[in-house]
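In case you want the letters, here they are:
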Amino acid sequence: MYAHPDDLHRARSVGGKAPAEFAAWVAFQQAVDREDGAVPRRYRELISVAVALVTQCSYCLDVHTAAARRHGVTPEELAEAAFVTASVRAGGTLAHALLADRLYEQHTHAAPPAHGY
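Residues numbered from 1 in each chain as written. Predicted model: local features only at pLDDT ≥ 70, side-chain atom pairs only at ≥ 80, totals over all residues. Heavy atoms only, no water.

Participant: Just give me the short version of the overall build of the protein, but keep the residues and values in it.
Facilitator: When you go through the protein residue by residue, the secondary structure sums to 5 helices and 0 strands. Going from N to C terminus, the protein has its helices and strands arranged as α-α-α-α-α. Since a compact globule built from 117 residues should have a radius of gyration of about 13 Å, the 20 Å found for the protein marks it as more spread out than a globular shape. Structurally, the protein occupies a C-alpha span of about 55 × 40 × 35 Å along its principal axes. Each of the 117 residues in the protein was classed as buried or not, and the buried ones make up 15%. When contacts within the protein are restricted to residue pairs at least 6 apart in sequence, long-range pairs at least 24 apart make up 53% of them. If you sum the accessible surface of the protein, you get close to 9,300 Å²; carbon and sulfur atoms cover 64% of it. Each charge sign in the protein was given a centre, from 11 positive and 13 negative side chains, and these centres are 5 Å apart. (Helix = DSSP H or I, 4+ residues; strand = E, 2+ residues; numbered from the N terminus. Rg over C-alpha atoms; globule rule 2.2 N^0.38 Å. Buried < 20%, exposed > 50% of the residue type's maximum accessible area, 1.4 Å probe, protein only. Contact = heavy atoms within 4.5 Å. Areas by Shrake-Rupley, 256 points an atom, 1.4 Å probe, with all protein chains shown as cover. Lys, Arg positive; Asp, Glu negative; His and termini not counted. Charge placed at Lys NZ, Arg CZ, Asp CG, Glu CD.)

Participant: Quick one: what's the story with unusual backbone geometry, residue by residue and with numbers?
Facilitator: The backbone of Gln56 sits at a positive phi, close to 60°, despite the residue not being glycine. The topology assignment puts Gln56 in the loop between α3 (41-55) and α4 (58-70). When its relative accessible area of 69% is taken as the criterion, Gln56 is described as exposed.

Participant: Go over the packing of aromatic side chains, please, and point to the residues and values.
Facilitator: Using the criterion set out here, one finds 1 aromatic pair in the structure. With centroids separated by 5.9 Å and ring planes inclined at 20°, the aromatic side chains of Phe22 and Trp25 adopt a geometry described as stacked. Of this pair, Phe22 and Trp25 both sit in helix α2 (residues 19-32), 3 residues apart, which is roughly one turn of that helix. Assessed through its relative accessible area of 19%, Phe22 is described here as buried. Note on Trp25: relative accessible area 49%, which makes it partly exposed. (Phe/Tyr/Trp six-rings, centres within 6.5 Å; stacked < 30°, edge-to-face > 60°.)

Participant: How would you sum up α3? Please name residues and give values.
Facilitator: Here α3 spans 21 Å end to end across 15 residues, near enough to the 21 Å set by a 1.5 Å rise per residue. Burial in α3 covers these residues: Arg41, Arg44, Glu45, Leu46, Ser48, Val49, Ala50 and Ala52. Packing partners of the buried residues in α3 comprise α2, α4 and α5 (75-109). Of the residues one or two after α3, Gln56 is the one with positive phi, at around 60°. (Expected span 1.5 Å × (residues − 1).)

Participant: Quick rundown of the layout of surface pockets? Include the residues and the values.
Facilitator: Here the largest pocket is characterised by a volume of approximately 800 Å³. Counting residues per element, the lining of the largest pocket draws most heavily on α2, which supplies 8 residues. Here the lining of the largest pocket is built from residues that sort into 15 nonpolar, 6 polar and 3 charged. (1 Å grid on protein atoms, 1.4 Å probe; cavity = no way out; pocket = protein on both sides within 12 Å on 5 of 7 lines; lining within 4 Å. Points joined across faces, edges and corners; volume = space filled by probe spheres on them. Nonpolar A, V, L, I, M, F, W, Y, C, P; charged D, E, K, R; others polar.)

Pasting the structure below:
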């Protein structure tokens, strides 16, 4: 496996090579970690887990699953969030299938492009 939990310790080293961008990323991450937002922290972590599932970031999944547990998310909530995420992601596939269907119809009536693409 290419992703390894120990690689998380490299973030500061990599960030040191792009300090302005890393500082912006850290500030952005702090929005997730807010305790005073309208969305409670446990829900912020459930949202973060859902996004990590969609983006398939194993590091984010590790960090946010641990944080979700610390903030009181139950195994049942985690499981439901995973299936809700899968369902919504599947909806995106259907939405693009509808687009593909319409594009297919449009291409049926259009002349083929001169370039082949």
